[in-house]
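Coordinates in review
Here is how the chains run, residue by residue.
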Amino acid sequence: VQLQASGGGLVQAGGSLRLSCAGSGRTFSIYRMSWFRQAPGKEREFVATIGSGGSSYYADSVKGRFTISRDNAKNTVYLQMNSLKSEDTAVYYCAADARGRFSSLTAYNYWGQGTQVTVSS
């Protein structure tokens, strides 16, 4: 499985962005898909996840502002980010096929290359 993340950019605080992660492979629909992020000088952290059935979970820091969704027909998962804050600045990574705790980096078999999100205050 190959993952290609896109949609990052520069946005002012309070603005919105939508990230996309396009995956290859006919088994995309069965995978749990997640977004993580890594800010400069910090460890990569969990942001949001969506299961094959559509159930979703979020980190407390983004709950109510971010929405994860998926379109299995397009092999794509999205992250709609609203009310962005400067602390949301990071490289955002998508990940697929979790085996274990979905908030754990080590649970995932596949990773995208990351897309930069910069929020100016």
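Residues numbered from 1 in each chain as written. Predicted model: local features only at pLDDT ≥ 70, side-chain atom pairs only at ≥ 80, totals over all residues. Heavy atoms only, no water.

**Things to note about the packing of aromatic side chains**
Taken as a whole, this structure holds seven aromatic pairs when the rule is applied. With a centroid separation of 5.8 Å and an interplanar angle of 75 degrees, the aromatic rings of F36 and F46 are classed as edge-to-face. Here F46 lies in strand β5 (residues 45-50) and F36 lies in strand β4 (residues 33-38), a separation of ten residues in the sequence. With respect to burial, F36 and F46 carry one shared label: buried. (Phe/Tyr/Trp six-rings, centres within 6.5 Å; stacked < 30°, edge-to-face > 60°. Helix = DSSP H or I, 4+ residues; strand = E, 2+ residues; numbered from the N terminus. Buried < 20%, exposed > 50% of the residue type's maximum accessible area, 1.4 Å probe, protein only.)

**With respect to the pattern of salt bridges**
Enumeration over the complete set of coordinates arrives at five salt bridges. In this structure, the salt-bridge partner of D60 is K63, at a minimum N-O distance of 3.0 Å. Across the pair, exposure class does not vary: D60 and K63 are exposed alike. D88 serves as the salt-bridge partner of R65, at 2.7 Å between the closest nitrogen and oxygen. Of this pair, R65 sits in the loop between β6 (56-58) and β7 (66-71) while D88 sits in the loop between β8 (76-81) and β9 (90-98), and the two are 23 residues apart along the sequence. An identical accessibility class is assigned to R65 and D88; each is buried. (Salt bridge = Lys/Arg side-chain N within 4 Å of Asp/Glu carboxyl O.)

**What about the sheet that holds strand β1 (residues 3-6)?**
Taken in spatial order, the four strands of this open sheet run β1-β3-β8-β7, and their pairing is antiparallel. One side of each edge strand has no neighbouring strand; the edge strands of this open sheet are β1 and β7. In this sheet, neighbouring strand axes are inclined to one another by 15 degrees on average, regardless of whether the strands run parallel or antiparallel. Relative to β8, strand β3 (residues 17-23) runs antiparallel, the two sharing six bridges. Bridge pairing in β8 places L17 opposite M81. (Pairing = 2+ DSSP bridges. Axes fitted to C-alpha atoms, helices over the stretch in contact; angles between N-to-C directions.)

**Quick notes on the side chain of R65**
Residue R65 is classed as buried on the basis of its relative accessible area, which comes to 11%. Separated by 2.9 Å, the side chain of R65 and the backbone oxygen of S61 make a polar contact. Aside from chain neighbours lying at most four places away, what touches R65 is Q80, M81, N82, S83, L84, K85 and D88. (Polar contact = N/O pair within 3.5 Å; in protein donor to acceptor, adjacent residues only side chain to side chain. Contact = heavy atoms within 4.5 Å.)

Limitation: the analysis is restricted to geometry and does not speak to function.
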